[in-house]
Protein chains: 2
Amino acid sequence: MTAKPPLEFYFDFISPFGYLAASKIDELAARYGRETRWQAMMLGITVMKVMGLKPLLDTPLKGDYVRHDVPRLARHFGVPLKMIDEVPSPLAAARAFYWLDDRDPALAKKLAQRLYPRLFARGEDISSPDSVAEEAQELGVPRTETLAALQDEKVKQRLHQAVEASIARGVFGSPFFIVDGEPIWGCDRLWMVEKMLQEGRL
Amino acid sequence: MTAKPPLEFYFDFISPFGYLAASKIDELAARYGRETRWQAMMLGITVMKVMGLKPLLDTPLKGDYVRHDVPRLARHFGVPLKMIDEVPSPLAAARAFYWLDDRDPALAKKLAQRLYPRLFARGEDISSPDSVAEEAQELGVPRTETLAALQDEKVKQRLHQAVEASIARGVFGSPFFIVDGEPIWGCDRLWMVEKMLQEGRL
């Protein structure tokens, strides 16, 4: 019997819904004996450039809804949340993520699991190379190496390719799951992710 | 002890997600001893004019997702579905809805409960005044009265006011629920509607 492929979990570092999903998805997958594969995507490219939409918080009516929705979902998920005023750039975080991912996916996931609460639980910056290097250092990655990688053209290209690949797979939101071929969008669809894990079909 | 106010259910006649929610919401509310108040909204005005977005099916990536998502949700909900190729105009349906609503909200709801499966279970037109009058006639409303009402400037204004009122309340999608003040968007959030009904808070 071959092991089933990992559940694919796409997220943007600036997405509070991605943060909420990130806090649950590994535990949910593990309950069904499944691994997860985390991949950063970028709403700024997908939603604005490819889909031609606006940033969520700048969209009339929906922006207000999201500001109300995120805190209540965080309570529901039992996850700490500090609402942020300004949306940071996810570039440094996403570049460092893929740089580590090529070396060790588990390490990249750990970095994401540090950066997400840094931004959304403590309200601290994640956009500066320094802040990303600081979190990587806590995982044993020398600070100077991370800072050098963030300047590396190959690392920038790696992120670019990953974002293009996510778009080619139809990923347009954060969080976005692909479970045995089924695309599932949104942290309010964890019930559907679970149904897929449990029953193997929708 | 005063009875609790009805659960408010907003929907657009052209929305398959609204159709799916419409098939469940009264039963869900009744389980908690609650009534529902149905109100038509118009995505064409709210989403395109107020929010500045595109029609869902014309949005890159998301359009394909929705085409895949609606049938699987219909299976999940156990509701018959016939995918439609062209999105009809909801104007006649929505005007007739509010015309009846002012006379008898229960009758307006019954009309919606006939028009939704006409479009989404049988794939038949709901955009012509004739088709709307036909369904109203099955509820005992003389065909000529419905056809006259659909030409009435006051009826057109009534819909216009209702749509403006929905926007003023922050309603931006279909389905959209307001449960004791809590706004809840999407037929994938029925779990949240139920939590609100059960616990009185989120």
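These numbers were taken from a predicted model, which means no experiment stands behind them. (Residues numbered from 1 in each chain as written. Chains lettered and ligands numbered in written order. Predicted model: local features only at pLDDT ≥ 70, side-chain atom pairs only at ≥ 80, totals over all residues.)

### A few points about the overall build of chain A
Piece 1. Along the backbone of chain A there are 10 helices and four strands.
Piece 2. Ordered by position from the N terminus, the helices and strands of chain A form the series β-α-α-β-α-α-α-α-α-α-α-β-β-α.
Piece 3. Its C-alpha atoms give chain A a radius of gyration of 16 Å, near enough to 17 Å, the size a compact globule of 202 residues would have.
Piece 4. If one aligns the C-alpha atoms of chain A with their principal axes, the spans along those axes are about 50 × 45 × 35 Å.
Piece 5. Burial status across chain A gives 43% buried among its 202 residues.
Piece 6. Across chain A, the fraction of contacts at a sequence separation of at least 24, relative to all contacts at a separation of at least 6, is 68%. (Helix = DSSP H or I, 4+ residues; strand = E, 2+ residues; numbered from the N terminus. Rg over C-alpha atoms; globule rule 2.2 N^0.38 Å. Buried ≥ 20, exposed ≤ 12 C-beta atoms within 10 Å, placed from the backbone. Contact = placed C-beta atoms within 7 Å.)

### Describing unusual backbone geometry
Of all residues except glycine, most have a negative phi; of all peptide bonds, most are trans.
Piece 1. Along the chain, A:Ser174 connects to A:Pro175 via a cis peptide bond; the corresponding omega equals 0°.
Piece 2. Positive phi, close to 65°, is recorded for B:Leu61, a residue that is not glycine.
Piece 3. Mapped onto the secondary structure, B:Leu61 falls in the loop between α3 (43–50) and α4 (62–77).
Piece 4. Its identity as a non-glycine residue notwithstanding, B:Asp180 has a phi of 50°, on the positive side.
Piece 5. Checked against the element boundaries, B:Asp180 lands in the loop between β3 (176–179) and β4 (182–185).
Piece 6. B:Asp180 gets classed as partly exposed once you count the C-beta atoms within 10 Å, which come to 13.

### Observations regarding the relation of the copies chain B and chain A
Piece 1. Mapping chain B onto chain A calls for a rotation angle of 180° and an axial translation of 0.0 Å; the resulting RMSD is 0.0 Å. Here the symmetry operator amounts to a two-fold rotation axis. Taking the C-alpha atom as reference, chain B places B:Leu53 closest to the rotation axis, 3.1 Å from it. (Least-squares fit on C-alpha atoms with pLDDT ≥ 70 in both.)

### Looking at the packing of helix α5 (residues 91–103) of chain B against helix α7 (residues 129–138) of chain B
The relative placement of two packed helices is expressed as an angle between their axes plus a distance between the axes.
Residue and element names in this part refer to chain B.
Piece 1. Their axes nearest at 8 Å, the elements α5 and α7 cross at an angle of 40°. Two packed elements cross with a definite hand, and for α5 against α7 that hand is right-handed. Between α5 and α7, the residues in contact are Ala92, Ala93 and Ala96 and Pro129, Val132 and Ala136, respectively.
Piece 2. Of the residues contributing to the contact of α5 with α7, the split by class is six nonpolar, no polar and no charged. (Axes fitted to C-alpha atoms, helices over the stretch in contact; angles between N-to-C directions. Left-handed = near helix turned anticlockwise from the far one by under 90°. Nonpolar A, V, L, I, M, F, W, Y, C, P; charged D, E, K, R; others polar.)

### Some words on α3(B)
All names here are of chain B.
Piece 1. Burial in α3 covers these residues: Leu43, Thr46 and Val47. For α3, the arc enclosing every buried residue in end-on projection is 85°, short of the 170-degree limit, so these residues lie on one face.
Piece 2. On its buried side, α3 packs onto α9 (153–168).
Piece 3. Of the residues one or two after α3, glycine 52 is the one with positive phi, at around 75°. (Arc of directions from axis to C-beta.)

### Here we look at the sheet that holds strand β1 (residues 7–11) of chain B
Residue and element names in this part refer to chain B.
Piece 1. Strand order across the open sheet formed by four strands is β2-β1-β3-β4, with mixed pairing between neighbours. Lying at the two open borders of the sheet, with one neighbouring strand each, are β2 (36–40) and β4. Strand-to-strand twist across the sheet, computed as the mean angle between neighbouring axes with direction ignored, equals 20°.
Piece 2. One ladder, built from three bridges, connects β1 with β3; its direction is antiparallel. The residue of β3 that forms the bridge with tyrosine 10 is phenylalanine 176.
Piece 3. Lying on the sheet, helix α10 (residues 190–199) is in contact with β3 and β4; it crosses β3 at an angle near 10°. (Pairing = 2+ DSSP bridges.)

### What about the interface of chain B and chain A?
Piece 1. Taken together, the contact between chain B and chain A spans 24 residues of the former and 24 residues of the latter.
Piece 2. Elements supplying a minimum of two residues to the side of chain B that touches chain A: α4 and β4 of chain B.
Piece 3. For the side of chain B that touches chain A, the element with the most residues is α4(B), which contributes seven residues.
Piece 4. Taken together, the residues of the side of chain B that touches chain A break down into 11 nonpolar, six polar and seven charged.

### Quick look at the environment of A:Thr144
Residue and element names in this part refer to chain A.
Piece 1. Turning to its location among the elements, threonine 144 is positioned in helix α8 (residues 143–149).
Piece 2. By C-beta crowding, threonine 144 is classed as exposed, having 10 other C-beta atoms within 10 Å.
Piece 3. Counting along the chain gives 23 residues from threonine 144 to isoleucine 167, while the straight-line C-alpha distance between them is 32 Å.

### Some words on the sheet that holds strand β2 (residues 36–40) of chain A
Residues and elements named next belong to chain A.
Piece 1. An order of β2-β1-β3-β4 is seen for the four strands of this open sheet, with the pairing classed as mixed. Here the strands that pair on one side only, and so sit at the sheet edges, are β2 and β4 (182–185). When the angles between neighbouring strand axes are averaged without regard to direction, this sheet yields 20°.

### Things to note about the packing of helix α5 (residues 91–103) of chain A against helix α9 (residues 153–168) of chain A
Residue and element names in this part refer to chain A.
Piece 1. At a minimum axis distance of 9 Å, the contact between α5 and α9 shows a crossing angle of 95°. Accordingly, the angle class assigned to the pair α5 and α9 is roughly perpendicular. The segment α5 lies against α9, with Ala94, Arg95, Tyr98, Trp99 and Asp102 engaging Val155, Lys156, Arg158, Leu159 and Ala162. (Parallel < 35°, antiparallel > 145°, perpendicular 65-115°, else oblique.)

### Some remarks on the pairing of β1(B)
Residue and element names in this part refer to chain B.
Piece 1. Counting buried residues along β1, five of its five residues qualify, which places the element largely inside the surrounding structure.
Piece 2. Side chains Leu7, Phe9 and Phe11 project from β1 onto one buried face, and the interleaved Glu8 and Tyr10 project onto a second face that is buried too.
Piece 3. Relative to β2, β1 runs parallel, the two being bridged by five bridges. The partner of leucine 7 across the bridge, within β2, is threonine 36.

Function cannot be read off these values alone, since they describe shape.
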